[in-house]
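Chain and residue survey
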Amino acid sequence: MRARVVKGTCKPHAAPPSQGFPPSYSRMVLPAPTPPPCPFEKRFPSQLVRDDAFFMSLAFNQAIDAWRRDEVPIGCVIERDGEIVAMAHNTVEAAHDPTAHAEMLAITQAAAAIGDWRLENCTLYVTKEPCPMCSGATLMSRLKRVCYAVPDPKMGCLGGATNLSELARVNHRVEITAGGVLEPECRELLQAFFRLKRAAGGTDA
Ligand SMILES: [Zn+2]
């Protein structure tokens, strides 16, 4: 039996959303990214020692991948029981998406990999302290611990500018390891990126 179609509620040939934009927008071709050459090498930590430095090294490598794609070099890894369940870096520029931070992408990846949005036994490693959005996401996903390399006194919301995990009535608290793990390396990577971008006249940061 054929499904009954009620007139006015079914639009099998509805225009795709892109047709709502001006033609010039939908056909716009962006210039290829031209990041300054990255002077940093990736790290190759021993697979046998799964400590904070090991996982942060892989987050650092993700940050280098971000640099090579002309994204702000921040990388993130999520670990559970010694295994990596997510790895990501910023894709804000390529995706034209202000929410495409490394932590947000990694949290989504981890939840998909585990099959549960509750990341209760997971630790998130990120090269810079999470911003307000990502700090909120670490609480909403019930991460066990967040380890970040570079504190951010301006926008960091897990101890830098403020600490969302210490809100009086919040129902989940995340353990925080603030700074100290590959901190100089991750800081220098970020500072060098912005220094070189400014020298090239290519960033407002
Ligand atoms: Zn963020």
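Computed from a predicted structure; not experimentally measured. (Residues numbered from 1 in each chain as written. Predicted model: local features only at pLDDT ≥ 70, side-chain atom pairs only at ≥ 80, totals over all residues.)

**Examining the sheet that holds strand 1 (residues 75-80)**
With mixed pairing, the five strands of this open sheet are ordered in space as 2-1-3-4-5. At either end of the open sheet lies a strand with only one pairing partner, and these are strand 2 (83-89) and strand 5 (175-178). Geometrically, the sheet is characterised by an average inter-axis angle of 15 degrees between neighbouring strands, direction not taken into account. Bridge count for strand 1 against strand 3 (residues 122-128) is five bridges, and the pairing is antiparallel. By the bridge assignment, valine 77 is partnered in strand 3 with tyrosine 125. Seen against the sheet, helix 2 (residues 52-68) touches strand 1, strand 2, strand 3, strand 4 (145-150) and strand 5 and runs at an angle of roughly 145 degrees to strand 1. (Pairing = 2+ DSSP bridges. Helix = DSSP H or I, 4+ residues; strand = E, 2+ residues; numbered from the N terminus. Axes fitted to C-alpha atoms, helices over the stretch in contact; angles between N-to-C directions. Contact = placed C-beta atoms within 7 Å.)

**Some points on the nonpolar core**
Counting residues in hydrophobic clusters, the biggest one holds 46 residues, and the most contacted among them are Met56, Ala59, Cys76, Val77, Ala106, Leu124 and Tyr125. The set of elements that each furnish at least two residues to this core consists of helix 2, strand 1, strand 2, helix 4 (102-114), strand 3, helix 5 (132-140), strand 4 and helix 6 (183-199). Counting residues per element, this core draws most heavily on helix 2, at nine residues. Leaving out residues up to four positions away in the same chain, methionine 56 has contacts with Tyr125, Cys147, Ala149, Val181 and Leu182. (Core = buried A, V, L, I, M, F, W, Y, C linked by C-beta atoms within 7 Å. Buried ≥ 20, exposed ≤ 12 C-beta atoms within 10 Å, placed from the backbone.)

**Focus on helix 2**
Structurally, the α-helix is built with 3.6 residues per turn, so residues lying three or four positions apart point the same way. Between its first and last C-alpha atoms helix 2 spans 25 Å; for 17 residues at 1.5 Å apiece the expected length is 24 Å, and the two agree. The buried fraction of helix 2 is high, at twelve of 17 residues. If you follow the buried residues of helix 2, they end up packed against strand 1, strand 2, helix 4, strand 3, strand 4 and helix 6. Just beyond helix 2, the residue with positive phi is aspartate 70, at close to 65 degrees. (Expected span 1.5 Å × (residues − 1).)

**Quick notes on the environment of alanine 100**
Residue placement: alanine 100 occurs in the loop between helix 3 (92-95) and helix 4. The exposure class assigned to alanine 100 is partly exposed, which follows from the 17 C-beta atoms found within 10 Å. With twelve residues separating them in the primary sequence, alanine 100 and alanine 88 have C-alpha atoms 9.7 Å apart. Once residues within four sequence positions are removed from consideration, alanine 100 is found in contact with Asn90, Thr91, Val92, Ala95 and Leu105.

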